[in-house]
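Observations on chain architecture
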Amino acid sequence: MAAARARSEERRAEIVRAALEVIAERGYRGASLGAVAERVGLTQQGLLHYFPTKEALLVAVLEERDQWDTGGSGAREGWRLDLLDSLVEYNAMRPGIVQTFSALLGESVTEGHPAREFFTRRYAQVRGEMANVLRAAYGDRLPGGLTPEQAAPLMTAVMDGLQYQWLLDPDAVDMPAAFRDFLRLLGAR
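I will try to describe carefully the structure that is included in this document. (Residues numbered from 1 in each chain as written. Predicted model: local features only at pLDDT ≥ 70, side-chain atom pairs only at ≥ 80, totals over all residues. Heavy atoms only, no water.)

With the rule as written, the count across this model stands at ten salt bridges. Two residues, aspartate 82 and arginine 80, come together in a salt bridge whose shortest N-O distance is 2.9 Å. Note that aspartate 85 is salt-bridged to arginine 180, the shortest N-O span being 3.7 Å. Taken together, the residues span a long stretch of sequence, with aspartate 85 in helix 5 (residues 81-92) and arginine 180 in helix 9 (residues 175-187) at a distance of 95 residues. Overall, arginine 180 belongs to the partly exposed group, its relative accessible area being 29%. (Salt bridge = Lys/Arg side-chain N within 4 Å of Asp/Glu carboxyl O. Helix = DSSP H or I, 4+ residues; strand = E, 2+ residues; numbered from the N terminus. Buried < 20%, exposed > 50% of the residue type's maximum accessible area, 1.4 Å probe, protein only.)

So this is what it looks like as structure tokens:
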């Protein structure tokens, strides 16, 4: 029983990795369950055994990405600015995952997209977590006078905006170095 469960979890992880690749290549709307199934050597019916809908697979992809980013904890509680710097470095080593996330994020702003609710919820959580990180580093006011809550959406925008710029022109945008520059800017007096 345990061996069968382990094989099933391994197969699910393989399907999620294949979905990441297909979504990175084609975007969510262009990705089909058939293409994902083919990539892992399953029929579409076989894939539906693990993920009954394309939306269920999408949620698994997004949750997996967040698990990688948070080291499996699901939350960035207790994070520090230097750990965010490490996360940006880590993201620079996995362009396919960053590309998938960015493609889904961009598509999710359209009405009715199945990832819209996930990203809306995720960004509310991330803004709260970023405010906590900034408060731990600077107290109730950053050097420029903003509260951590005011600066949190800006920090999030910089992180995600750098990903887009880096994906479009990796030779011109050194994502980790630019994020370190931003951290220096935050601390400027």
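Looking now at the environment of valine 22. Looking at the element boundaries, valine 22 is found in helix 1 (residues 2-30). Residue classification places valine 22 among the buried residues on the basis of a relative accessible area of 0%. In the structure, valine 22 is positioned 78 residues away from threonine 100 in sequence and 8.5 Å away in space, judged by C-alpha atoms. With residues near it in sequence (within four places) discarded, valine 22 still touches Gly27, Ala31, Ala35, Val36 and Arg39. (Contact = heavy atoms within 4.5 Å.)

What follows concerns the packing of aromatic side chains. Here the structure, examined in full by the defined rule, presents four aromatic pairs. Here phenylalanine 179 and phenylalanine 182 contribute two aromatic rings whose centre-to-centre distance is 6.3 Å and whose plane-to-plane angle is 35°, an arrangement assigned as tilted. Residue phenylalanine 179 and its partner phenylalanine 182 are located together in helix 9, separated by three residues, close to a single helical turn. Each member of the pair, phenylalanine 179 together with phenylalanine 182, is buried. Members of the aromatic cluster, connected to one another through ring pairs, are Phe101, Phe118, Phe119 and Tyr123. The positively charged end of arginine 122 is found above the aromatic ring belonging to tyrosine 123, 5.6 Å away from the centroid. (Phe/Tyr/Trp six-rings, centres within 6.5 Å; stacked < 30°, edge-to-face > 60°. Lys NZ or Arg CZ within 6 Å of the ring centre and 35° of its normal.)

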